[in-house]
Structure formats: structure tokens, C-alpha cells
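Working through the structure, step by step
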Amino acid sequence: MAGVIIMAELIDFLEDRMFSNALNVSFPDQPYMTRIEFLEKICTQKNVVHIGFADHLEVIENKIKNNQYLHKRLLNVAKRCFGIDINCNAVEFVKTKYNMSDVYCLDVLVDDLPEAFFQIKWDYVLLPEIIEHVDNPVIFLSQIKVKFQNICDYVIITTPNAFRISNFEYALRGMELINSDHRYWFTPYTLMKVVTKAGLRVVDIYFADSFVDERNRVLTTKIPLLREDLILMASF
């Protein structure tokens, strides 16, 4: 999947070798996609660690019923897919009710990884819709690097896009619509900057909708920068 080619000159800005107070970063057209469809496609027949896989306990059943539960869809396509989450109740729920294996309740930044993780060469560590919830994303991603750099090739991060069209629509009405636990909105460049400061190397960035929005699809198909989510791939 072709995203944005990270040119050498942009890397110089990301790594603080160059500075501009009016840097112009252009983003090319991309095929229309949803976030889950993108992750499903890129993870097909890959070995994947899915961090924060469980979701809120009260929404799991409904998401599985509507085929919107990301971890279950990844299990259907990935070669191997391990899940990590700090919500022990949710982890136990999917183990007992849906017979999901290779799921672990642990704090990935504090607890040691189980031995099973070191027996597989992982293609991707997934961090979907997580970094906007952490207090310091640079420190968080730096610790993810320390934990996984010797056993995994790439990290894939998804996060809400500050330029999503709904933000402008609400702003015109004098409103902000936001998850009350979010600490940040990321633009494509600021996400790349945070990832770079954490010691990771940006490989590509994509734009996707959380779900198919027929009302705005013509516009977001034409202007990918207005889609709801950013998807960034970085190497360790």
C-alpha cells in the first residue's frame, strides 16, 4: 500500500537538523479505506502483537456482533496474533466467552513479556488508538522500542486525525466533540515528529476513515487529509 514517501529533506526537519516556522508538507492522493480494512489487509499472513487489543468490556459483544472488533478480525487473517491489554476483566472475558488464546493481561511498559513472545519473529507491533490516551507519547513510544526492537520489525500506530472533517464541522458550530480521556490531537507532521523523537524511523503514513461515512465520502475520497484517522508505520 502506497502512502507518503518520506523524503530526505523532511527527515532533516523531523530529526532537528533543519528548522522552518512555516514548513509546507504535501500529501498525495491515496485510495479510500477504513482503518480496520487497512490493518486487516496489511496484517494478512503476518505475525502481529496487538497492544490494547481488548477494548472496553461493555462494547466487546456488540462490536463482535457487528464485525467491528479489531482483534477478532486480525485473528481471522494473521499468521499469529498475540494480544496485550491492562484490562484484566476484558482479557478474561474474551478468553472464556470467545475462546481467544494468546491474550495476556499485563502492562507492556512495566511487566516482562511472556516467554512465548520471544519464540516468534514479529512483523508488526500494533498500537491502534492508544497514544492519544497516554500522558507522554514520546516516552511511551521510546519504551515500546526498548521492549520490542529485538523481536519485531515495525510498529504501526493509528490515532485520530486533527484535520478530520468533523472537527471543522463542529468548530463552525462553536463546539468540540472529543473522547474525554484524550490528551492530544495529532496532525500528520506532529505524529511523525513524536515518533522520530522516540527514536523510531518513519516509513510511511496513511489516511483512513474509522467507518464508511457516505455523507462525506466524496470529499474524503478526493482529499485524504480530511479522513478521520492517521496510520503511521515506523521501523525500530
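Residues numbered from 1 in each chain as written. Predicted model: local features only at pLDDT ≥ 70, side-chain atom pairs only at ≥ 80, totals over all residues. Heavy atoms only, no water.

1. A closer look at the sheet that holds strand 1 (residues 47-51)
Rules: By definition, two strands form a pair when at least two bridges between them are found by DSSP. Secondary structure is summarised from DSSP: a helix means a run of H or I of at least four residues, a strand means a run of E of at least two, and numbering begins at the N terminus for each. Between N-to-C directions, angles cover 0 to 180 degrees, with each direction set by a line fitted to C-alpha atoms, over the stretch in contact for helices.
Strand order in the open sheet formed by 7 strands is 3-2-1-4-5-7-6, and the pairing between neighbours is mixed. Across the chains shown, the open sheet's two edge strands, defined by having one partner strand only, are strand 3 (103-105) and strand 6 (201-208). Here the average twist between neighbouring strands, direction ignored, is 20°. In terms of strand pairing, strand 1 meets strand 2 (residues 80-85) through 5 bridges, oriented parallel. Residue pairing across strands places V49 opposite F82, the latter belonging to strand 2.

2. Some words on helix 2 (residues 35-42)
Heads up, the condition is: Remark: exposure states derive from per-residue accessible area (1.4 Å probe, protein chains only) relative to the maximum for the residue type, with buried under 20%, exposed over 50%, and partly exposed in between. Summarising the geometry, the arc corresponds to the directions from the helix axis toward the C-beta atoms.
Within helix 2, the full set of buried residues consists of R35, I36, F38, L39 and I42. Buried residues of helix 2, viewed axially, fall in a sector of 160°; they line one side.

3. Comments concerning the packing of helix 6 (residues 137-148) against helix 8 (residues 188-197)
For any two helices packed against each other, the geometry comes down to the angle between their axes and how far apart the axes lie. Heads up, the rule is: Reported orientations rely on four angle classes, namely roughly parallel under 35 degrees, roughly antiparallel over 145, roughly perpendicular from 65 to 115, and oblique for the rest. Handedness of each helix crossing follows the sense of rotation of the near helix against the far helix: counterclockwise by less than a right angle gives left-handed, clockwise gives right-handed. Any two residues having at least one pair of non-hydrogen atoms within 4.5 Å are treated as being in contact.
Two elements in contact, helix 6 and helix 8, have axes whose closest approach is 8 Å; the angle formed by their N-to-C orientations is 50°. Between helix 6 and helix 8, the angle falls in the class oblique. The element helix 6 and its partner helix 8 pack so that their crossing is right-handed. From helix 6, P137, V138 and L141 reach across to helix 8, where they touch V194, V195 and K197.

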